[in-house]
Amino acid sequence: MKNPTAQFNPMAGSPSTLSLFNSSSIYSNRSFEILKPYSSSDKRFSFTCFSSKKKQLGFMDQILDYIEGGPKLRKWYGAPDPLQKDGVELREDENPEVEEVRDAVLVTNGDNEIGQMIILSLIVKRVRVKALVKDKRVAMEAFGTYVESMAGDTKDETFLKKAFRGVRAVICPVEGSLYNVDSWKGIQHVILLSQLFVYRNSTGIQAVMNSNARKLAEQDENAVRTSGVPYTIIRTGLLKNTPGGQQGFCFEEGSAGKGSLSKEDAAFICVEALDNVPQNGLIFEVINGGEKVFDWKSCFVELTGRSAYE
């Protein structure tokens, strides 16, 4: 019998383990919906998985099963819960004078579906993750101690200062989740996922429905470009709930307003962009297409060479 307390090794396993890091392969052997509530009265969240015909679990399924098993393991082996039973959070070190090592990645919307996909990908890469969420307890039940979940008033400078402590990079997965650029002191890289060109190319009633999202996307892009922090703006096509890793890509100018991109692929590209920090800024468009990417570092170098925004 295997030691139940042995640490999970994300890099070990079958060939499917490596599939997450290959854009042309399948991320997972079964589809999943992320963090959806059971009902309005039961605010607990969980992952709803649908079994595939294959007996062997995909890599994403393994990490999801491991994360979901966290609370059970804590109870079995007597480890303390992250939160007290009476709902009062354990006190954190709030000393603003203590400067942490900047090794964390902050996801500015941990409630958003793509934001959660990004968080899972960061966990797989063993990156320290911080996330802004609406309900800290819900996030703790979903991700456990793998994520430093933070809930508070995003207009409060004290809260934002605390949220950005120890953060080296910021990923904004949806328009309207960009908060107080003045708090970005010390940030080394900002990654913004933008559907601006989708909104600009919509017509009729769709254009009316997208008008607010378009305004937010324009404000976000402008704030990032004038922040003085190295940035990557990923202008995607229409984001769809299709499996990631099954198609190639297209990075042609003008493609974002016409094509679509899997949400899983969008999350994957955001995470890959972390290790490719531009000198000033990089903006590119991407949709699913026929171009296979096996070396993302080289891909970003090429995109930087093409970009007129660098």
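Residues numbered from 1 in each chain as written. Predicted model: local features only at pLDDT ≥ 70, side-chain atom pairs only at ≥ 80, totals over all residues. Heavy atoms only, no water.

For the pair helix H2 (residues 113–124) and helix H8 (residues 263–273), the least separation of the axes is 9 Å and the interaxial angle reads 50°. The angle between the axes of H2 and H8 places the two elements in the oblique class. When the axes of H2 and H8 are compared, the crossing they make is right-handed. Seen from H2, the contacting residues are Glu113, Ile114, Met117, Ile118, Ser121 and Leu122; seen from H8, they are Lys263, Glu264, Ala267, Cys270 and Val271. Looking at the contact of H2 with H8, its residues break down into seven nonpolar, one polar and three charged. (Axes fitted to C-alpha atoms, helices over the stretch in contact; angles between N-to-C directions. Helix = DSSP H or I, 4+ residues; strand = E, 2+ residues; numbered from the N terminus. Parallel < 35°, antiparallel > 145°, perpendicular 65-115°, else oblique. Left-handed = near helix turned anticlockwise from the far one by under 90°. Contact = heavy atoms within 4.5 Å. Nonpolar A, V, L, I, M, F, W, Y, C, P; charged D, E, K, R; others polar.)

Looking now at the nonpolar core. By size, the foremost hydrophobic cluster in this structure holds 42 residues, and its most contacted members are Ile118, Leu122, Phe251, Phe284 and Trp296. Excluding its chain neighbours within four sequence positions, the residues that come into contact with Phe251 are Phe284, Glu285, Val286, Glu291, Val293, Trp296, Cys299, Leu303 and Arg306. (Core = buried A, V, L, I, M, F, W, Y, C linked by side-chain atoms within 4.5 Å. Buried < 20%, exposed > 50% of the residue type's maximum accessible area, 1.4 Å probe, protein only.)

All right, on to the pattern of salt bridges then. Tallying each qualifying case throughout the model produces eight salt bridges. In this structure, the salt-bridge partner of Arg128 is Glu148, at a minimum N-O distance of 2.6 Å. Remark: Glu148 occurs in strand S5 (residues 147–150) and Arg128 occurs in strand S4 (residues 128–132); sequence separation between them is 20 residues. Arg128 gets classed as partly exposed once you look at its relative accessible area, which sits at 23%. Between Glu218 and Arg200 there is a salt bridge, and its shortest N-O distance comes to 3.7 Å. One end of the pair, Glu218, is in helix H7 (residues 211–225); the other, Arg200, is in helix H5 (residues 196–200), and 18 residues separate them in sequence. (Salt bridge = Lys/Arg side-chain N within 4 Å of Asp/Glu carboxyl O.)

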